[in-house]
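What follows is the residue order along each chain.
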Amino acid sequence: MFSSNFKNNLKKNLEFFNLLPQLVLIFILIFLIYSFIINTEINLKSRNLNFGFDFLNTNTGFDVQFSLISYDGSSSFLRVYFVGLLNTLLVAIFGIFFATILGFVIGVSRLSSNWIINKLSLVYVEIFRNVPLILQILFFYFVVIRSFPNPEKSFIILNFFIANLQGIYIPKFLFVNFSSILFALLISLIGIIILKRYANKIFYDKGKIIPVIKISLFFTSVILILFSLIGQVSFTIEFPKIVKNFGIINYVGGVKLVPEFIALLFSLSLYTSAFIAENVRAGILSINKGQKEASRSLGLNDSQTLKLIIIPQALRVIIPPTTNQYLNLTKNSSLATTIGYPDLAAVFAGTALSQTGKAIEIIFIVMMTYLTISLLISFILNLYNKKIAIIER
Amino acid sequence: MKKIRINSFAVLAFVVTFIFTTFNANANQTRENVIKRGSLNCGVSQGVPGFSNADASGKWTGLDVDFCRALAAAVLGDPNKVKYTPLSAKDRFEVLKAGDIDVLARNTTWTLARDGGLAVEFIGVNFYDGQGFLVRKAANINSAKKLNNVKVCLETGTTTELNLRDYFNANKLKYEQIGFTKADDAVAAYDAGRCEVYTTDKSGIAANRTKTKNPADHIILPETISKEPLGPVVRGNDENWVNIARWTLNVMIEAEEYNVTKKNIDSLKSTTDPVIKRLLGLEGDLGKNLNLDNNWSYNIVKLVGNYGESYEANVGTKTPVNLPRALNASWRKGGILYAPPVR
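Worth saying up front: this structure is predicted, and the values here are computed from it rather than measured.

Engineer: What exactly am I supposed to notice about the overall build of chain B here?
Structural biologist: Looking only at helices and strands, one finds 13 helices and 13 strands in chain B. Across the 343 residues of chain B, 57% fall into the buried class. Considering only contacts in chain B between residues 6 or more positions apart, those separated by 24 or more positions represent 72%. Side-chain charges of chain B comprise 44 positive and 36 negative groups, with the mean position of each set lying 3 Å from the other.

Set out below in structure tokens:
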């Protein structure tokens, strides 16, 4: 009925009309962002506030409870940012480490045929997964650690472990010529990698199994002793000592773990490990039963089956959701604010913000920082995931 | 995969409303807003007995609370039309700047950096204070000069932590600060033994000592390490509102100076003293300068009381906080309270 020319026109018009709302939306989005910026600018100007990052170079004037880099009140706000960032990374890295180990152990126990282990790990997962994290942190800090003894009545094991409600103190090892030890560790690491490659080659070529772990342990200890003797390594142990100032008793020296750190690390690790345990369980269950049976019929024993057949396949299922848990743990560490652990959110987005009033700048910096940390973690785990993913041929 | 269609018009409508609400957010009309709303939004502490503290039934009392009540009496004619928002030291200025509260009466120290850098206006001083230290009697310490290798609990985001560092550095003493975002947490940590020392303004120490398990076990060290003029704060971009708040405080102080109290104010209506007449709004039209009724100042004294009455009722020597007037007495009685003339 219609000429093909008209049809073509209609088609073009329809395409245009389909496109129009999208163009309008994009335009509005740009306008919205622009208006936010302008609006902020106007409001800042009307209150005689100026926007800028100059404040980062001025000195803070306040102290922080503990810091991995040298810091005191005469340092700049930029430095206190790094103090907070390092404290966040410290608790995140240790948290991820413990949560992963705990999560794997509990996850495997969930599938144990031993009734008690099985049910105990079920209870563990259900408790730590279902109680809000903030309550767990508050519980550990205000109930568990607050019930530790006073410094005068510290819990002491032979000067090697001292616990009271101001913290846990352990001796500090001070090495002389520590670089020799690092060198020895580096050499044994290279040795172990070469050994492992060789063992793999022998295994695939000749079907012989080389006990890699036993040889590496022996090799590492020999190298360590050898290098320590050659490099004249010696160490002294610095024990925490009691310092008395009038009626106040303090422990000074050694390594000190502050209660805020312990409580935060504990609750973050336990909470996240419950989720990781479920990921591990799901990963192992996702492996077809036939895989296990096949490996048994090939003559592999239980631990070989787990190590060579089940876990490599299960990791493909475990890694992606576990990445999420790592990200959650890192972001959840900002709950430190509630118990006074000086992390990035508490020290920089909290104290520094209220001392300078630079809300927009500081919140922007902190948001970008958490974003960067999260993207880094997922980038690293994505690389690992790619490495272990099924290679389709 | 099926494509999800979004109704463009709904998005458009949402966006347009959003833009209009953002642009209207900040008008410099605090007085008009308070009258329209019929209540005053007042930012207070999370509980400092004597200054701003809520009882079991949720009723707020204290010296700072009385200032808010006086401001509501001046603007709305009713001291009870106040909505209290408890704020941490860390959040207080941001909440004020955002417009969520009309006035911040939360033992806040007046400093140059805050006055000049935060776009807020300190309208005066309603309590002259100084920072001190609370320690356990068992620690056997009687002077702040003897504090060495100690752990100090405090509230972060305050001038307290700045003074603390200055003091310990100047005296070459070692300390470790344990900062909390809530004053209550800091006090509880000190009480539990996490720290040997608790520090804040002396008024705050006296008030918070009542929260420890056994107040008699603790002593306040004699040293005062800083000047802490505490006062109410408003946004700096609303001159009319700044003036209303400033002169509300001045009226309370001047009323005490001339012995005008809640009780005798009605009997003073027949007075011939021009100062008192002006205070009662019987002479001149001072209210006009603030865009308020002429009986604004009468309402403040009649409904809330003068500064001295508020002081004695909340933090005076007959209360558990037990703070003598000292600096906070009228200049005629040896203190430094001195209000510019209400005329």
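Engineer: Before we go on, may I ask you to explain the pattern of salt bridges in this structure?
Structural biologist: Close approach of charged atoms allows side chains of opposite charge to pair. Taken as a whole and assessed by the stated rule, the structure comprises 22 salt bridges over all chains. The shortest N-O distance in the salt bridge between A:K201 and A:D205 comes to 3.6 Å. You can see A:K201 and its partner A:D205 sitting in helix α5 (residues 178–206), four residues apart, about one turn around the helix. Of the residues examined, A:K201 reaches a relative accessible area of 54% and is grouped as exposed. Residue B:K97 is joined to B:E94 by a salt bridge in which the shortest nitrogen-to-oxygen separation is 3.4 Å. Placement of the pair is B:K97 and B:E94 together in helix α4 (residues 92–98), with a separation of three residues, close to one helical turn. A single salt-bridge network, built from bridges that share partners, covers A:R110, A:E126, A:R129, A:E278 and A:R281.

Engineer: Is there a simple way to think about the packing of helix α2 (residues 77–109) of chain A against helix α7 (residues 259–285) of chain A in this case?
Structural biologist: For any two helices packed against each other, one specifies the inter-axial angle together with the distance between the axes. All names here are of chain A. Interhelical geometry of α2 versus α7 gives an angle of 40 degrees and a closest axis separation of 6 Å. Put simply, α2 runs oblique to α7. For the element pair α2 and α7, the recorded crossing hand is right-handed. Considering only residue class, the contact of α2 with α7 consists of 18 nonpolar, seven polar and one charged.

Engineer: Where do I start with the interface of chain A and chain B in this structure?
Structural biologist: Quite often, the size of an interface is put as the accessible area lost when its parts meet. With 53 residues of chain A at the contact, the number on the chain B side is 48 residues. Taking both sides of the interface into account, the surface hidden between chain A and chain B amounts to around 4,100 Å²; carbon and sulfur atoms contribute 55%. Summed over the shared surface of chain A and chain B, the result is two salt bridges. Inspection of the chain A/chain B interface yields 16 residue pairs in polar contact (both at pLDDT 80 or more).

Engineer: Please clarify how unusual backbone geometry should be interpreted in this entry.
Structural biologist: Most peptide bonds adopt trans geometry, and most residues besides glycine take a negative phi value. One non-glycine residue with positive phi stands out, namely A:F246, at about 55 degrees. Position of A:F246 among the secondary structure elements: in the loop between β6 (241–245) and β7 (248–252). Even without being glycine, B:N149 reaches a positive phi, approximately 55 degrees. Inspection of the secondary structure puts B:N149 in the loop between β8 (131–136) and β9 (150–155).

Engineer: Teacher, can you tell me more about the packing of aromatic side chains here?
Structural biologist: Centre distance and the angle of the planes are the two values used to describe a pair of aromatic rings. Under the definition given, this model contains 32 aromatic pairs over all chains. Ring geometry for A:Y271 versus A:F275: centroids 5.2 Å apart, planes at 65 degrees, classification edge-to-face. Here A:Y271 and its partner A:F275 are both found in helix α7, four residues apart, which amounts to about one turn of the helix. Of note, B:R325 hangs over the ring of B:Y311, and the distance from its end group to the ring centre comes to 4.7 Å. Above the plane of the ring of B:Y258 lies B:R332, whose end atom (NZ or CZ) is 5.8 Å from the centre.

Engineer: What's the story with a nonpolar patch on the surface in this structure? I'm lost.
Structural biologist: Residue and element names in this part refer to chain A. Taken together, the side chains of F155, I157, L158, F160, F173, F175, F178, L182, L185, F235, I237 and F239 define a hydrophobic patch exposed on the protein surface, amounting to about 1,200 Å² of accessible area. Of all the secondary structure elements, the ones that give two or more residues to the nonpolar patch are β1 (155–157), β4 (172–176), α5 and β5 (234–238). The dominant element in the nonpolar patch, judged by the number of residues it contributes, is α5, at three residues. Mapped onto the fold, F160 is located in the loop between β1 and β2 (161–164). With a relative accessible area of 43%, F160 lands in the partly exposed category.

Engineer: Teacher, can you tell me more about the environment of B:L337 here?
Structural biologist: Residues and elements named next belong to chain B. Mapping L337 onto the fold places it in the segment after α13 (307–314). Between the alpha carbons of L337 and F127 there is a distance of 8.9 Å; along the sequence they are 210 residues apart. Ignoring sequence-local partners within four residues, the contact set of L337 consists of V125, Y128, I253, Y307, R325, L327, N328, A329, S330 and W331.

Engineer: When you look at the sheet that holds strand β12 (residues 218–220) of chain B in this model, what are you seeing that I'm missing?
Structural biologist: Sheet strands associate in pairs through backbone hydrogen bonding, adopting either a parallel or an antiparallel arrangement. Residue and element names in this part refer to chain B. Spatially, five strands are ordered β10-β9-β11-β8-β12 in an open sheet, and the strand pairing comes out mixed. Every interior strand has two partners, whereas the edge strands, β10 (175–180) and β12, have only one. On average, each strand axis in the sheet is tilted by 30 degrees relative to the strand beside it, whichever way the strands run. In this sheet, β10 lies alongside β9 in parallel orientation, the contact comprising six bridges. Bridge pairing in β10 places V152 opposite Q177. In the packing of helix α7 (residues 183–192) onto the sheet, contacts are made with β8, β9, β10, β11 (197–201) and β12, and the angle to β9 comes to roughly 155 degrees.

Engineer: How should the sheet that holds β2(A) be read in this particular structure?
Structural biologist: Residue and element names in this part refer to chain A. Reading across from one edge, β1-β2-β3-β8 is the order of the four strands in this open sheet, with antiparallel pairing throughout. In this open sheet, the two edge strands, each paired with only one partner strand, are β1 and β8 (255–257). On average, adjacent strands in this sheet sit at an angle of 15 degrees to one another, irrespective of strand direction. Judged from the three bridges that link them, β2 and strand β3 (residues 167–170) form a sheet pairing that is antiparallel. Its bridge partner being in β3, N164 is matched across the sheet by G167.

Engineer: What is the right way to look at the nonpolar core in this model?
Structural biologist: Nonpolar side chains tend toward joint burial in soluble globular proteins. Counting 77 residues, the largest nonpolar core has A:V80, A:L264, A:Y341, A:F348, B:C153 and B:Y198 as its most contacted members. Considering every element that reaches this core, the biggest residue donor is α7(A), with 13 residues. Leave out the neighbours within four places in its chain, and B:C153 touches B:I178, B:F180, B:A186, B:A189, B:Y190, B:C195, B:V197, B:Y198 and B:T199. By size, the runner-up hydrophobic cluster in this structure holds 58 residues, among which are B:V103, B:L230, B:I276 and B:A339.

Engineer: Teacher, can you tell me more about the state of the cysteines here?
Structural biologist: Defined simply, a disulfide is a covalent bond joining two cysteines at their sulfur atoms. Residue and element names in this part refer to chain B. Per the counting criterion, the structure on display carries two disulfides over all chains. A disulfide bridge connects C42 with C68, and the sulfur atoms are separated by 1.8 Å. One disulfide, between C42 and C68, carries an S-S torsion of 40 degrees and so falls in the right-handed class. Of this pair, C42 sits in strand β1 (residues 40–44) while C68 sits in helix α3 (residues 63–76), placing them 26 residues apart in sequence. Here C153 pairs with C195 through a disulfide, and the sulfurs are 1.8 Å apart. The sign of the 65 degrees torsion about the S-S bond sets the C153-C195 disulfide as right-handed. Residue C153 is located in strand β9, and its partner C195 is located in the loop between α7 and β11; the two are separated by 42 residues in the primary sequence. Looking at C195, the relative accessible area reads 0%, which means it is buried. Should the bonded cysteines of chain B be numbered as they appear in the sequence, the pairing reads 1-2, 3-4.

Cut-offs applied
- Residues numbered from 1 in each chain as written.
- Chains lettered and ligands numbered in written order.
- Predicted model: local features only at pLDDT ≥ 70, side-chain atom pairs only at ≥ 80, totals over all residues.
- Heavy atoms only, no water.
- Helix = DSSP H or I, 4+ residues; strand = E, 2+ residues; numbered from the N terminus.
- Buried < 20%, exposed > 50% of the residue type's maximum accessible area, 1.4 Å probe, protein only.
- Contact = heavy atoms within 4.5 Å.
- Lys, Arg positive; Asp, Glu negative; His and termini not counted.
- Charge placed at Lys NZ, Arg CZ, Asp CG, Glu CD.
- Salt bridge = Lys/Arg side-chain N within 4 Å of Asp/Glu carboxyl O.
- Axes fitted to C-alpha atoms, helices over the stretch in contact; angles between N-to-C directions.
- Parallel < 35°, antiparallel > 145°, perpendicular 65-115°, else oblique.
- Left-handed = near helix turned anticlockwise from the far one by under 90°.
- Nonpolar A, V, L, I, M, F, W, Y, C, P; charged D, E, K, R; others polar.
- Buried area = accessible area lost by both parts, 1.4 Å probe.
- Polar contact = N/O pair within 3.5 Å; in protein donor to acceptor, adjacent residues only side chain to side chain.
- Phe/Tyr/Trp six-rings, centres within 6.5 Å; stacked < 30°, edge-to-face > 60°.
- Lys NZ or Arg CZ within 6 Å of the ring centre and 35° of its normal.
- Patch = residues over 30% accessible without salt bridge, like charges linked within 9 Å, V, L, I, M, F, W, Y side chains within 5 Å.
- Areas by Shrake-Rupley, 256 points an atom, 1.4 Å probe, with all protein chains shown as cover.
- Pairing = 2+ DSSP bridges.
- Core = buried A, V, L, I, M, F, W, Y, C linked by side-chain atoms within 4.5 Å.
- Disulfide = S-S within 2.5 Å.

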